[in-house]
Amino acid sequence: GEKVPPLEGKIYNGNGWVDYKLHDQFDSNWTEGDTSGTWHIIEFLDTDCSACWRDTAKVSDLQNAVSSTQWNRAPVQMLAVVVELNIPNHDSSRDEIKAFRDKNDGDGTFKCNADRALCSERDGNAYNFPFFDDLDGKSTKEWDIPGTPTYFIIQPNGIVAWSSVEAGNSDIFDAVNGLIPEA
């Protein structure tokens, strides 16, 4: 029920790193029931987090669902915010972010999952949504992220509709189906 904190910096969109401001994506005039506004699903992840690694197939399925021509709900934009947890073997870089998102291993040195596997070996498809660089942890701190993965569903006006932290064991698919209105 609160407005999301700022998220400003660089995203990798598949073609390169570009400036990004999450708040520019919101429509302050959106009203509940309007199915033309774009909802946002945000995942905070660490490319070396084993739970994030396990969720890659689920996130890929979610990406496929919301971008399908069969999607019969309001539009959805997904965004991943990549953090670097202060844990041994959780060293990341923009090149590793790209390798994780695009599901490739670049020159064969980009290892994810706490350096246990090449980023190209993760489950699911390559992602087609942007990845935000928060390796310095600034946004993670403002969003009060307790760990990764953490998911949010944001209404088109920038208000948090759902948080995996507050929802406990709720599934992101159940939340999407329960919150994002049919078009």
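Source: prediction; values computed, not measured. (Residues numbered from 1 in each chain as written. Predicted model: local features only at pLDDT ≥ 70, side-chain atom pairs only at ≥ 80, totals over all residues. Heavy atoms only, no water.)

Enquirer: Looking at this structure, I do not really get the overall build of the protein chain. What am I missing?
Expert: Counting secondary structure elements, the protein chain contains six helices and nine strands. Scaling as 2.2 N^0.38, a compact globule of 183 residues should have a C-alpha radius of gyration of about 16 Å, and the protein chain matches this with 16 Å. Each of the three principal axes of the protein chain carries a C-alpha extent, and together these read 45 × 35 × 35 Å. For the protein chain, the residues scored as buried account for 46% of the 183 residues in total. Within the protein chain, contacts between residues at least 6 apart in sequence are counted, and of these 71% link residues at least 24 apart. Counting only carbon and sulfur atoms, one obtains 41% of the accessible surface of the protein chain, whose full area is about 8900 Å². (Helix = DSSP H or I, 4+ residues; strand = E, 2+ residues; numbered from the N terminus. Rg over C-alpha atoms; globule rule 2.2 N^0.38 Å. Buried < 20%, exposed > 50% of the residue type's maximum accessible area, 1.4 Å probe, protein only. Contact = heavy atoms within 4.5 Å. Areas by Shrake-Rupley, 256 points an atom, 1.4 Å probe, with all protein chains shown as cover.)

Enquirer: Even after reading the chapter, I still don't get the pairing of strand 1 (residues 8-12), so can you show me in this structure?
Expert: One face of the sheet, then the other: side chains in a regular strand alternate in exactly this way. With five bridges connecting them, strand 1 and strand 2 (residues 17-21) associate as antiparallel partners. When the bridges of strand 2 are listed, Gly 9 appears paired with Tyr 20. The turn joining strand 1 and strand 2, which pair antiparallel and follow one another in sequence, is formed by four residues; a positive phi near 100° is taken by Gly 14. With two bridges connecting them, strand 1 and strand 7 (residues 131-133) associate as antiparallel partners. (Pairing = 2+ DSSP bridges.)

Enquirer: Looking at this structure, I do not really get the sheet that holds strand 1. What am I missing?
Expert: Strand pairing in a sheet relies on backbone hydrogen bonds. The paired strands run either parallel or antiparallel. If you trace the seven strands from one edge of the open sheet to the other, you get 2-1-7-4-3-8-9, paired in mixed fashion. Edge positions in the sheet fall to strand 2 and strand 9 (160-163), since each has one partner strand and no second. If you compare each strand with its neighbour and ignore which way they point, the axes differ by 30° on average. Bridge count for strand 8 (residues 150-154) against strand 9 is three bridges, and the pairing is antiparallel. Along strand 9, the bridge assignment pairs Phe 152 with Ser 163. Strands in contact with helix 3 (residues 94-102) are strand 1, strand 2, strand 3 (39-45), strand 4 (76-82) and strand 7; relative to strand 7, the strand with the most contacts, it is inclined by about 165°. Sheet contacts for helix 6 (residues 172-179): strand 3, strand 8 and strand 9; angle to strand 8, the most-contacted strand, approximately 5°. (Axes fitted to C-alpha atoms, helices over the stretch in contact; angles between N-to-C directions.)

Enquirer: So what exactly am I meant to see when it comes to the packing of aromatic side chains here?
Expert: Each aromatic ring pair is specified by the distance between its two centres and by the angle formed by the two planes. Counted by the stated rule, this structure contains twelve aromatic pairs. Ring geometry for Tyr 20 and Phe 132: centres 6.4 Å apart, planes at 65°, overall edge-to-face. Residue Tyr 20 is located in strand 2, and its partner Phe 132 is located in strand 7; the two are separated by 112 residues in the primary sequence. The pair formed by Tyr 20 and Phe 132 is uniform in burial state, with each residue classed as buried. Centroid distance Tyr 127 to Phe 131: 5.8 Å. Interplanar angle 25°. Geometry classified as stacked. Tyr 127 sits in the buried class, given a relative accessible area of 4%. These aromatic residues form a ring-pair network of at least three members: Trp 53, Phe 100, Tyr 127, Phe 129 and Phe 131. Seen from the ring of Trp 17, Arg 94 lies directly overhead, with NZ or CZ sitting 4.5 Å from the centre. (Phe/Tyr/Trp six-rings, centres within 6.5 Å; stacked < 30°, edge-to-face > 60°. Lys NZ or Arg CZ within 6 Å of the ring centre and 35° of its normal.)

Enquirer: Please clarify how helix 2 (residues 56-67) should be interpreted in this entry.
Expert: For an α-helix, 3.6 residues make a turn, and residues three or four places apart therefore share a direction. Along its twelve residues, helix 2 runs 16 Å from first to last C-alpha, staying within 8% of the 16 Å computed at 1.5 Å per residue. By the burial criterion, the buried members of helix 2 are Thr 56, Val 59, Ser 60, Leu 62, Gln 63 and Val 66. The buried residues of helix 2 occupy an angular sector of 160° when projected down its axis, which confines them to one face. Here the buried face of helix 2 lies against strand 3, helix 1 (50-54), strand 4, helix 3, strand 8 and helix 6. (Expected span 1.5 Å × (residues − 1). Arc of directions from axis to C-beta.)

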